[in-house]
Structures are given as structure tokens and as C-alpha cells.
Amino acid sequence: MTAAYAPRRDLVSKVRRRLTQHDAARPATLAFEQPMLSITFDDFPATAANAGARLLERHGARGTYYAAAGMAGAEGPCGAGYSADDIVRLVDAGHEIGCHTSSHADCARRDVFSTLEDLAHNRDALLRMGAPSPRAHAFPYGETSGALKRNLPPRFMSARGILPGLNVGHTDLSQLRAYPLFGPDGMRRVFDALKKAAKRKAWVIGFTHDVSDAPSAWGTRADELDALLQEAHQLGFVVLPVTAALERRLA
Ligand SMILES: [Zn+2]
């Protein structure tokens, strides 16, 4: 997500988004032994790799970092982007490096072949930085298409969107649901989701960008993330990166 670009909000785009959401390219029935929580960081800013990772690690948890190689080292609306050193430290500490395309383009507005090239380019850049080949993908801006969902490389176990909801029961692994950990009502909604998910043994995915005491409009305050992880612990959640959580699904 960047401040410079916002996906289209016209009626046709809204209808297309709704149809895409119901076009389940990888239907799955998810069930877990315990409620699950994944904390994910998109793009991602250096503060997510530093303050964000340290906070997760203090709770014995690890996160998923959806990296856009084109944003590495670049200054953006959420602060400075990650570095290759951040990737190495995150991998060594057991965090997951996911894919978020290299260009961070709106995947709903370009052809599938260009996006597939972009995904390969991102994988190659992340491999050069010391990450393993990503097994989890997140669509920039949450924007995708039925064609892209059907043609995602099989090396991805999942792709994440930005539509809120619990991942349990009938699920589409090519567009996992996720709650923003930012915005006017963001944290209240994810706390509510945790309570519901605890009862249903569901999987909650949260997504954010920067983590600091004074975050951007797309970032999370460190004390709020801390409170969320405390609440998850109280409610008996297992906190794992996205692919590790998916590997805990009951057959
Ligand atoms: Zn993004």
C-alpha cells in the first residue's frame, strides 16, 4: 500500500471485486485444533523488521513479511523500506518472508503474464537477499482477478487479500481473509474477531505496515500490537507465520 495510489472505487470495480472474491480458485475446508493468529507486514517498512519483529519475538511469536523487492531501501509513506540485512535477520529468527510482487502494481489492472513475471522477479531478488523461495503471497492493495487467482504459481501455498473475515470452514486459499491492524476502527474490529475466532477455533490474519509509537495511517502502534498479542495469548491462540499456520490445518 502506498499513499500515492488507491485502487478504483467506481461501481464496475466494486462489482468486479465482489465477483472475484467469490471466484474460489483454491477452495479448502479449514479446521484447526486451536484458534490461530498470524501477524503479517506488507511491503515492508524497516520498522516492521525491527520494532515489529522484536515485539513478536518477546511473545514467542513469529510473523510473515510480504516483501516487495522494489520497495527495499526506498523511502515510502510508511517510512524507509527493509534492507537485505533485515531479510537475513528475520529468516535467522524464524520469521517467514512472503511475496508481494516486486513492482507493487495493482494486479487487477494488468495482464496475468506481467504479474507472473513480476512474481518471478521478486522471488529472484529475495533469493539474492538470502530468503528462501516464498510460499505465501499477498496481493498489493488486495487487488486481484479470477484469472490471476487460477494461475498463481503452485509454489505458493496461499495468497492473502485484504477483505476482513475468519479463515475457517469453506475458505479460498487463493484469497485468504485478513483484518487491517490500523485505521479508525481497525484494532477494535480485530479484537472482536479474536473473540469470535476463539470460540470457532478459526484462523485470524492481521496485516499492517510500519510499527512504531507514531505510525503512519497504514501502520500500528507498538503498544496496540503488544495488547493484541497479550489478548491472543489469554484466549489460547497459537501465533504462527501464515504458511506454518496453514500446515497446522487438520486434514
Ligand atoms: Zn502493499
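For the structure, check the block above.
Nothing here was measured: the structure is a model prediction, and the numbers come from that model.

Parameters at a glance
- Residue positions are given per chain, counting from 1 as you read along its sequence in written order.
- Local features in this predicted model are restricted to residues whose pLDDT is 70 or higher, and side-chain atom pairs enter the listing and the counts only when it is 80 or higher, whereas totals over whole chains, interfaces and linings include all residues.
- The basis for the side-chain values is all heavy atoms of the structure; hydrogens and waters are excluded.
- Under the pairing criterion, centres of Phe, Tyr and Trp rings, with the six-membered ring standing for Trp, must be within 6.5 Å; the plane angle then separates stacked pairs below 30 degrees from edge-to-face pairs above 60, leaving the rest tilted.
- Strands here are runs of E lasting at least two residues and helices are runs of H or I lasting at least four, both read from the DSSP assignment and numbered beginning at the N terminus.
- Per-residue accessibility, obtained with a 1.4 Å probe over protein chains only, is compared with the maximum for each type, and a residue is labelled buried under 20%, exposed over 50%, and partly exposed between these values.
- In this scheme, patches are assembled from residues that exceed 30% relative accessible area and form no salt bridge. Like charges are connected within 9 Å, while nonpolar side chains (Val, Leu, Ile, Met, Phe, Trp, Tyr) are connected within 5 Å.
- All accessible-area figures derive from a Shrake-Rupley calculation using a 1.4 Å probe, and residue coverage is judged against the displayed protein chains alone.
- When a carboxyl oxygen of Asp or Glu lies within 4 Å of a side-chain nitrogen of Lys or Arg, that pair is called a salt bridge.
- Axis definition: a line fitted to C-alpha atoms, limited for helices to the stretch in contact. Angles are taken between N-to-C directions and run from 0 to 180 degrees.
- In these notes the angle categories are as follows: under 35 degrees is roughly parallel, over 145 is roughly antiparallel, 65 to 115 is roughly perpendicular, and the rest is oblique.
- Left-handed describes a crossing whose near helix is turned anticlockwise from the far helix by less than a right angle; the clockwise case is right-handed.
- Between two residues, a contact is recorded if the distance between any of their heavy atoms is within 4.5 Å.
- Gly is put with the polar residues, along with every residue not named as nonpolar or charged; the nonpolar set is Ala, Val, Leu, Ile, Met, Phe, Trp, Tyr, Cys and Pro, and the charged set is Asp, Glu, Lys and Arg.
- Helix span is expected to be 1.5 Å times the residue number reduced by one.
- Of all possible arcs, the one meant is that of the directions from the helix axis to the C-beta atoms.
- Polar contact is the term for a pair of N or O atoms within 3.5 Å; when the atoms are in protein, one must be able to donate a hydrogen and the other to accept it, and sequence-neighboring residues count only if both atoms are side-chain atoms.
- Grid spacing is 1 Å over the protein atoms alone, the probe is 1.4 Å, and a cavity is where that probe fits but cannot get out, while a pocket is an open set with protein on both sides within 12 Å along at least five of seven lines and lining residues have an atom within 4 Å of a point.
- Grid points are joined across faces, edges and corners, and a volume is the space filled by probe spheres set on the points.

Draft legend 1. The arrangement of the packing of aromatic side chains in detail. Scanning all chains against the criterion turns up six aromatic pairs. An angle of 20 degrees between the planes, with centres 4.4 Å apart, marks the rings of F44 and Y82 as stacked. Of this pair, F44 sits in the loop between β2 (36-43) and α2 (46-58) while Y82 sits in the loop between β5 (79-80) and α3 (84-92), and the two are 38 residues apart along the sequence. Residue classification places F44 among the buried positions, given a relative accessible area of 1%. Ring plane angle 85 degrees and centroid distance 5.5 Å describe the contact between F182 and F207, whose orientation is recorded as edge-to-face.

Draft legend 2. Region of the structure containing a nonpolar patch on the surface. On the surface, L11, V15 and L19 cluster together to form a nonpolar patch covering roughly 330 Å² of accessible area. By the secondary structure assignment, V15 is in helix α1 (residues 11-22).

Draft legend 3. Expanded view of the pattern of salt bridges. Under the counting rule described, the total for this entry stands at 13 salt bridges. Note that D118 and R110 form a salt bridge whose closest N and O atoms lie 2.4 Å from each other. Salt-bridge contacts for E231 lead to K195; the nearest nitrogen and oxygen are separated by 3.9 Å. One end of the pair, E231, is in helix α7 (residues 222-234); the other, K195, is in helix α6 (residues 186-200), and 36 residues separate them in sequence. By relative accessible area, which is 43% here, K195 ends up partly exposed. Ionic contacts of the salt-bridge type, sharing partners, join the residues R16, R17 and E143 into one network.

Draft legend 4. Examining the packing of α2 against α3 more closely. Orientation of α2 relative to α3, taken along the N-to-C sense of each, is 20 degrees, at an axis distance of 10 Å. Accordingly, the angle class assigned to the pair α2 and α3 is roughly parallel. α2 and α3 meet at a crossing whose hand is left-handed. Counted together, A46, A49, N50, A53 and E57 of α2 and D86, R89 and L90 of α3 form the full contact between these two elements. Grouping the constituent residues of the contact of α2 with α3 by class yields four nonpolar, one polar and three charged.

Draft legend 5. View of α1. Along its twelve residues, α1 runs 17 Å from first to last C-alpha, staying within 8% of the 16 Å computed at 1.5 Å per residue. Those residues of α1 that sit buried are S13, R17 and T20. One side of α1 holds all its buried residues, which, seen down the axis, span an arc of 65 degrees. Those residues of α1 that are exposed and angled more than 90 degrees off the buried face are L11, V12, R18, L19 and H22. One side-chain oxygen at the N-terminal end of α1 lies 3.3 Å from the backbone nitrogen of V12; it belongs to D10.

Draft legend 6. Quick look at empty space enclosed by the protein. Here the structure, examined in full by the defined rule, presents one cavity of 30 Å³ or more. The computed volume of the largest cavity comes to approximately 30 Å³. Taken together, R16, R17, T20, G142, E143, T144 and Q175 make up the full set of residues lining the largest cavity.

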